[in-house]
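Examination of the molecular architecture
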Amino acid sequence: MEKKEGEYTNRLIKNLMKKYHVTIEMERLKNLDVNALDSALTDAKLITWDKGFVSEKQFVRQVRAQQRFRRKNKFNDDDFHYKEQVLGGIVSQTLTTLEGLERHYEKKPPFDAIFRFYTRHRLIKALEQKVFVPDVKVDDKAVQAFYNQNIKEFSRPGSYRLAVAEGSEKDLEKLWTEVITGGDFTALAQKENSHAFATKIVQEDKMDPVLKKAVAGLAQGEVSPVFAWNGRYGMVRLIQFTPSSVLPLAKVENLIDQQLRTDKMKDVRKVYLKKLRAAAAINVNDKTWRRLLKELQDDETTRN
């Protein structure tokens with residue numbers, strides 16, 4: 001079935017290439033270096049069809065977008081030929097779109113609803129660019145202020161890497177004696193079956209107060225004395241402590257800028273909609289409104 005679908009698709013694309021007079025500059029495509037500097041790329045037409053074309057610059061932009069996508073998602077590129085794949089994608093998508101519009105599929109189910117949705121979406125985006133975006137301004141001072149006011153969001157708490165043994169007071173006092181006389185805490189704790197032993201990483205701000213008190217003052221590699229914990233007893237060895245740190249502004253300024261612009265866009269949109277509502281004449285059909293209200297009340301009564 002899939003093989004047949006592929007054959008039909010290839011046949012359709014070949015027919016559409018003839019219909020819309022598609023021309024591909026194969027020699028230019030072959031010699032095109034997608035890793036070249038932007039300044040070395042030209043606006044020369046690489047793919048042309050009736051009333052449209054793709055330039056070198058536009059083609060390379062698509063290739064690089066595909067590269068970023070595949071690398072981000074860790075796809076294997078061994079057998080992936082970027083030029084050929086991007087070329088095929090551009091040609092097939094462009095031609096099927098042109099043919100779909102010529103056949104007026106945008107007016108026929110199920111494509112009509114999808115077409116209306118995306119048309120409306122593009123109109124909304126165009127409106128935002130024209131009306132809202134000019135009023136959305138974010139400067140360096142605003143970014144700095146947000147960073148200072150929300151410094152906790154950009155902070156990494158300190159963390160402890162610990163080796164923890166739990167057991168009876170008697171067993172752990174024996175372990176403690178062996179440790180202070182030169183024994184290896186980890187090896188001894190793992191060897192003794194009566195001990196529950198685990199290595200864990202614990203964030204400083206989420207650490208159990210009893211465990212935190214036991215670790216306090218320990219140098220890296222040191223072992224605490226026996227302490228009461230969780231209805232039993234415990235001992236802990238500090239393997240490593242990583243102090244808290246704050247991400248520098250340079251690492252997060254773009255993220256902050258985007259967040260502030262998003263927030264400002266929402267505010268500008270609200271103000272604009274408020275003005276539209278104030279200027280609009282909204283009439284309510286009282287008879288229809290009362291009928292709908294009664295239906296809702298009857299439904300609520302039936303459910304209860």
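Below is a short write-up of the structure. (Residues numbered from 1 in each chain as written. Predicted model: local features only at pLDDT ≥ 70, side-chain atom pairs only at ≥ 80, totals over all residues. Heavy atoms only, no water.)

**Examining the pattern of salt bridges**
For clarity, the threshold we go by: By definition, a salt bridge exists where a carboxyl oxygen of Asp or Glu is found within 4 Å of a side-chain nitrogen of Lys or Arg. For the purposes of this entry, the term helix denotes a DSSP run of H or I that reaches at least four residues, the term strand denotes a run of E that reaches at least two, and both are numbered from the N terminus.
Counted by the stated rule, this structure contains 13 salt bridges. Among the ionic pairs, Lys19 bridges to Glu102, the shortest N-O distance being 2.6 Å. Taken together, the residues Lys19 in helix 1 (residues 2–19) and Glu102 in helix 4 (residues 82–102) connect sequence positions 83 residues apart. Here Lys125 and Glu128 are joined by a salt bridge, their closest N and O atoms 3.6 Å apart. Of the two residues, Lys125 and Glu128 are both situated in helix 5 (residues 111–132); the distance of 3 residues between them amounts to about one turn of the helix. One continuous salt-bridge network, built from bridges that share partners, spans Lys19, Glu99, Glu102 and Arg103.

**A few points about the sheet that holds strand 1 (residues 23–24)**
Heads up, the rule is: DSSP calls a pair of strands paired once it identifies at least 2 bridges connecting them. The contact criterion used is simple: two residues touch if any of their non-hydrogen atoms lie within 4.5 Å. Here an axis means a line fitted to C-alpha atoms, over the contact stretch when the element is a helix, while the angle between two N-to-C directions is reported on a 0 to 180 degree scale.
Taken in spatial order, the 3 strands of this open sheet run 1-2-3, and their pairing is antiparallel. Each edge of the sheet is formed by a strand with only one pairing partner; in this case those strands are strand 1 and strand 3 (52–55). Of the strand pairs in this sheet, strand 2 (residues 45–49) and strand 3 are connected by 4 bridges, and their pairing is antiparallel. In the strand pairing of strand 3, Thr48 is matched with Phe53. Packed onto the sheet, helix 3 (residues 56–72) meets strand 2 and strand 3 and runs at close to 65° relative to strand 3. Where helix 4 meets the sheet, it contacts strand 1, strand 2 and strand 3, and its direction lies at approximately 25° from that of strand 2.

**With respect to the packing of helix 3 against helix 4**
We apply this condition: The scheme is simple: roughly parallel for angles under 35 degrees, roughly antiparallel for over 145, roughly perpendicular for 65 to 115, oblique for anything else. Two helices crossing with the near one rotated counterclockwise from the far one by less than a right angle form a left-handed crossing, whereas a clockwise rotation gives a right-handed crossing.
Their axes nearest at 10 Å, the elements helix 3 and helix 4 cross at an angle of 110°. Taken together, helix 3 and helix 4 sit at an angle that is classed as roughly perpendicular. Taken as a pair, helix 3 and helix 4 cross one another with a handedness that is right-handed. Residues Phe59, Gln62, Val63, Gln66, Gln67 and Arg70 of helix 3 lie in contact with helix 4, whose contacting residues are Tyr82, Lys83, Val86, Leu87 and Ile90.

**Structural notes on the packing of aromatic side chains**
Note the threshold: Note on aromatic pairs: the rings of Phe, Tyr and Trp (six-membered ring only in Trp) are paired at centre separations within 6.5 Å, and the planes decide the class, stacked below 30 degrees, edge-to-face beyond 60, tilted for the rest. Buried, partly exposed and exposed residues are distinguished by accessible area as a fraction of the type maximum, computed with a 1.4 Å probe on protein chains only: under 20%, between the cut-offs, and over 50%, respectively. Geometrically, a lysine NZ or arginine CZ counts as sitting over a ring once it is within 6 Å of the ring centre and also within 35 degrees of the ring normal.
Evaluation of the coordinates by the stated rule reveals 9 aromatic pairs. A centroid spacing of 4.8 Å and a plane angle of 70° characterise the contact between Phe80 and Tyr82, whose relative ring orientation is edge-to-face. A relative accessible area of 17% places Phe80 in the buried class. On the numbers, 5.1 Å between centres and 75° between planes, the contact of Phe132 with Tyr272 is edge-to-face. You can see Phe132 sitting in helix 5 and its partner Tyr272 sitting in helix 10 (residues 249–279), a full 140 residues away along the chain. Its guanidinium or amino end placed over the ring of Phe80, Arg70 lies 3.7 Å from that ring's centre, counting from NZ or CZ.

**Observations regarding helix 5**
To keep it simple, the criterion reads: To estimate how far a helix should reach, multiply one less than its number of residues by 1.5 Å. The directions considered for the arc are those from the helix axis to the C-beta atoms.
With 22 residues, helix 5 should reach 32 Å at 1.5 Å per residue; the first-to-last C-alpha distance of 30 Å fits that figure. All of the buried residues in helix 5 are Asp112, Glu128 and Phe132. The buried residues of helix 5 all sit within an arc of 145° when viewed along its axis, so they share a single face. Those residues of helix 5 that are exposed and aimed more than 90 degrees away from the buried face are Arg122, Leu123, Gln129 and Lys130. Summarising the contacts, the buried residues of helix 5 are in contact with helix 10.

**A look at the nonpolar core**
Definition in use: Buried Ala, Val, Leu, Ile, Met, Phe, Trp, Tyr and Cys residues form a nonpolar core when they are joined through side-chain atoms within 4.5 Å.
Within the largest apolar cluster, 23 residues are counted, with the highest numbers of intra-cluster contacts made by Ile47, Phe59 and Leu95. Put simply, the parts of the chain that give this core at least two residues each are helix 1, strand 2, helix 3 and helix 4. In terms of residue count, helix 4 provides more of this core than any other element does, 6 residues in total. In this structure, Ile47 is in contact with Val22, Thr23, Ile24, Gly52, Phe53, Val54, Phe59, Leu87, Ile90 and Val91, ignoring residues within four places of it in sequence.

**Some remarks on the pairing of strand 5 (residues 159–167)**
Across a regular strand the side chains alternate sides, sitting on one face of the sheet and then on the other. The element strand 5 is extensively covered by neighbouring structure, given that 8 of its 9 residues are classed as buried. As paired elements, strand 5 and strand 6 (residues 196–203) share 8 bridges and run antiparallel to each other. By the bridge assignment, Tyr160 is partnered in strand 6 with Val202. Bridge count between strand 5 and strand 8 (residues 232–242): 9 bridges; the pairing is antiparallel. Across the sheet, residue Glu166 finds its bridge partner in strand 8, namely Gly234.

Honestly, that's just the spatial picture; any functional story needs more than this.
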